Amino acid sequence: MDLSIADLRLNYGLEELLESSAPADPFILFKQWFDRAVSEETREPNAMTLATVTPDGKPRARMVLLKDFDPAGFVLFTNYNSAKGRELAATPYACLVFWWGNLERQIRIEGRVEKISEGESDNYFFVRPWESRLGAWASEQSEVVDSRDVLEKRLEELKEEYKDREVPRPPHWGGFRVLPDSIEFWQGRPSRLHDRLSYSRQEDGTWKRERLSP
C-alpha cells in the first residue's frame, strides 16, 4: 500500500536546546554544531541552501558549499557572472540554511553580503584540485550550453593549455561573505514543540538571544 505524503512524519527527540546550555555568542554555538555534524559523518555537512532575490523581487534558492566561517561571517565561492553572483551584486542580502537531518538540527542565517578580497579568493582557489580550477574557466555558469560534450571538450582543451603551468584564478570567480544580522538554531523536539533560539545582532555588536515559538 502506498503511503500518502501527508502521512510521512518523524517524531524528533534526540537532543534539546536550552538557554542554560547555549552560549551567548552564536558563532560558538555554530562551531559546536558544525563540528558535531562533521564528527557524526553527516554527508556534506557544509552543504547549505543559499537564497537570493532576483531583480524583479522573486526568491531563488540553490545548494552551495560553505568554505570558511569566523566571527566576520560565512564564506562561499562562485562565478560572479552566474545567476546567484549577479543577484548578490544587485541585492547584497542573503539567507543560508543548514539542515542536518541525522541530528534533527537546522540553522538559518540572514544578513548582508560582500565580496571577499582578491587575496582571500586567490588563497582558496589555489588549494582547489587542479581540475576544479580548470572547471572555473570551462563553465560559463548559469548560461545555456548546447550539450555536455561542449563542456567536456572545453575542459580537455584547458588541460592541454595548462598542463605545464599554473592555472590562474579567473577574474570572474571568487568569494562572497554573508555578514549575519540574525542566526536561528532549531532543534527537533517531540510533539512538534521544537526548540528555536534566535540571535540578533545589536548596534554595539553584541547579540540578543530570544526563544521563538515552534
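See the structure above.
Structural notes, computed from the coordinates. Owing to the predicted nature of the structure, the values given are computational and were not obtained by experimental measurement.

1. Here we look at the layout of surface pockets
Phase 1: Of the voids in this model, the largest pocket is the one considered here, and its volume is about 350 Å³.
Phase 2: Lining the largest pocket are 15 residues; nearest its centre among them are F77, T78, R128, Q141 and W173.
Phase 3: Residue assignment for the lining of the largest pocket shows that the elements contributing at least two residues are β2 (59-65), β4 (73-79) and α4 (130-138).
Phase 4: Its volume calculated, the second largest pocket comes out at about 200 Å³.
Phase 5: Lining the second largest pocket are W137, A138, S139, E140, Q141, S142, E143, V144, V145, V150, L151 and R154.
Phase 6: When contributions to the lining of the second largest pocket are tallied by element, the ones reaching two or more residues are α4 and α5 (148-161).
Phase 7: Among the elements that line the lining of the second largest pocket, the one with the most residues is α5, at three residues.
Phase 8: The class makeup of the residues in the lining of the second largest pocket is six nonpolar, three polar and three charged.

What counts and what doesn't
- Residues numbered from 1 in each chain as written.
- Predicted model: local features only at pLDDT ≥ 70, side-chain atom pairs only at ≥ 80, totals over all residues.
- Heavy atoms only, no water.
- 1 Å grid on protein atoms, 1.4 Å probe; cavity = no way out; pocket = protein on both sides within 12 Å on 5 of 7 lines; lining within 4 Å.
- Points joined across faces, edges and corners; volume = space filled by probe spheres on them.
- Helix = DSSP H or I, 4+ residues; strand = E, 2+ residues; numbered from the N terminus.
- Nonpolar A, V, L, I, M, F, W, Y, C, P; charged D, E, K, R; others polar.

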